[in-house]
Amino acid sequence: MTATSEQKKKEGGLGETIKVILQAFLIAILIRTFLFQPFNIPSGSMKETLLVGDYLFVSKFSYGYSRFSLPFSPPLFDGRLLGSTPNRGDVVVFKLPRDESTDYIKRVIGLPGDEIQMINGVLNINGVPVKREDAGYWMDDEGGGRVERVKRWTETLPNGVSYYTLDLVDNGFYDNTQVYKVPPDHYFMMGDNRDNSTDSRVLSQVGYVPYENLIGRAQMIFFSVKEGDAAWQFWKWPWTVRWDRILSFVR
């Protein structure tokens, strides 16, 4: 084999490698933009539904596509394409209205036109208290050997969606609120960890979330490590991975 043919062979191999890498990159971008995007949970506002250290897939197609569906959120168009509205009780990732570079994850509680109020820790929707049943206590493992017993309730929305909420303290700061009137094309979001969630009850921080700001619906936990541990520390996985949470659906 001549030096020239050997060089061409190397260049051809390099070109194929670059081609494969570019194809894989484009496929990943398409999947992230139109199908599923991974997120991780950095705070405890959605306990016990979602825990710090959970990694989940969010379906981008559930509510259609806005500019926030695209990487870096370029202002190419307004509104949503192929849009469909969320259901009450969906767990949704959205862009924070006051800081559109920040992602939040909460549960849809109020739909456009609803009146939402907390009275003595009980959620009221359009003047009717939401069904709430005693569900005992949940042991909150905060990592580092710290375990806290937290009061737990089963909350059932008018459309039949049920989930657990946590009540850290009686008469918490947002256990009694004003009446919130949800504007058209906006949604009212709340965390399941009611005394430890900055959500739509805090108008100056989150407030009502525009329909356009929705990114997608939380679907499945694909990986989970204990709070305070890092997912990349694979040598610790036998002890730090929450094996029972992997491939579980978000409800």
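Note that the structure is a prediction, hence the values are computed from the model and not measured.

### Some remarks on the overall build of the chain
Then, number 1: The helix and strand tally for the chain stands at 2 helices and 15 strands.
Then, number 2: By principal-axis analysis of the C-alpha atoms, the chain measures approximately 85 × 45 × 30 Å.
Then, number 3: Of the roughly 13500 Å² of accessible surface on the chain, a fraction of 59% belongs to carbon and sulfur atoms.
Then, number 4: Positive and negative charge centroids in the chain, built from 29 and 30 side chains respectively, lie 5 Å apart.

### Looking at a nonpolar patch on the surface
Then, number 1: Residues Leu30, Phe34, Leu35, Phe36, Phe57 and Phe61 make up a contiguous nonpolar surface patch of about 520 Å² in total accessible area.
Then, number 2: In this structure, Phe61 sits in the loop between strand S2 (54-59) and strand S3 (91-96).

### So, the packing of aromatic side chains
For any two aromatic rings, the description comes down to two numbers: the centre-to-centre distance and the angle of the planes.
Then, number 1: Per the counting criterion, the structure on display carries 13 aromatic pairs.
Then, number 2: Aromatic side chains Phe173 and Tyr174 sit 4.9 Å apart centroid to centroid with 85° between the ring planes, which places their arrangement in the edge-to-face category.
Then, number 3: Judged by its relative accessible area of 72%, Phe173 falls in the exposed class.
Then, number 4: The class of Tyr174 is partly exposed, set by a relative accessible area of 25%.

### A word on the side chain of Asp90
Then, number 1: Tracing the chain through its elements places Asp90 in the loop between S2 and S3.
Then, number 2: A polar atom in the side chain of Asp90 sits 2.8 Å from the side chain of Tyr63.
Then, number 3: Sequence-distant contacts of Asp90, defined by excluding residues within four places in its chain, comprise Tyr63, Lys106, Arg107, Val108 and Arg217.

### Examining the sheet that holds strand S10 (residues 162-167)
Then, number 1: The 3 strands are arranged S8-S9-S10 in an open sheet whose pairing can be described as antiparallel. The two strands at the open ends of the sheet, each matched to only one other strand, are strand S8 (131-141) and S10. Pairwise comparison of adjacent strand axes, ignoring direction, gives a mean angle of 35° for this sheet.
Then, number 2: Two elements, S8 and strand S9 (residues 147-156), share 9 bridges in a ladder whose sense is antiparallel. Within S9, the position partnered with Trp138 by the bridge is Val150.

### Some remarks on the nonpolar core
Then, number 1: Leu50, Leu56, Val91, Val93, Ile105, Ala218 and Val250 are the most contacted members of the largest nonpolar core, which totals 14 residues.
Then, number 2: Within the residue set of this core, elements represented by two or more residues are S2, S3 and strand S14 (214-224).
Then, number 3: The element contributing the most residues to this core is S14, with 3 residues.
Then, number 4: Here Ala218 is in contact with Leu56, Phe57, Val58, Val91, Ile105 and Val250, once residues within four sequence places are set aside.

### Observations regarding the side chain of Thr156
Then, number 1: Position of Thr156 relative to the elements: it lies in strand S9.
Then, number 2: The exposure class of Thr156 is buried, given its relative accessible area of 18%.
Then, number 3: Here the side chain of Thr156 touches Ser162 through a polar contact of 2.7 Å, side chain to side chain.
Then, number 4: When residues no more than four places from it in sequence are discounted, the contact partners of Thr156 are Val130, Lys131, Val161 and Ser162.

Reading guide: rules and limits
Residues numbered from 1 in each chain as written. Predicted model: local features only at pLDDT ≥ 70, side-chain atom pairs only at ≥ 80, totals over all residues. Heavy atoms only, no water. Helix = DSSP H or I, 4+ residues; strand = E, 2+ residues; numbered from the N terminus. Areas by Shrake-Rupley, 256 points an atom, 1.4 Å probe, with all protein chains shown as cover. Lys, Arg positive; Asp, Glu negative; His and termini not counted. Charge placed at Lys NZ, Arg CZ, Asp CG, Glu CD. Patch = residues over 30% accessible without salt bridge, like charges linked within 9 Å, V, L, I, M, F, W, Y side chains within 5 Å. Salt bridge = Lys/Arg side-chain N within 4 Å of Asp/Glu carboxyl O. Phe/Tyr/Trp six-rings, centres within 6.5 Å; stacked < 30°, edge-to-face > 60°. Buried < 20%, exposed > 50% of the residue type's maximum accessible area, 1.4 Å probe, protein only. Polar contact = N/O pair within 3.5 Å; in protein donor to acceptor, adjacent residues only side chain to side chain. Contact = heavy atoms within 4.5 Å. Pairing = 2+ DSSP bridges. Axes fitted to C-alpha atoms, helices over the stretch in contact; angles between N-to-C directions. Core = buried A, V, L, I, M, F, W, Y, C linked by side-chain atoms within 4.5 Å.

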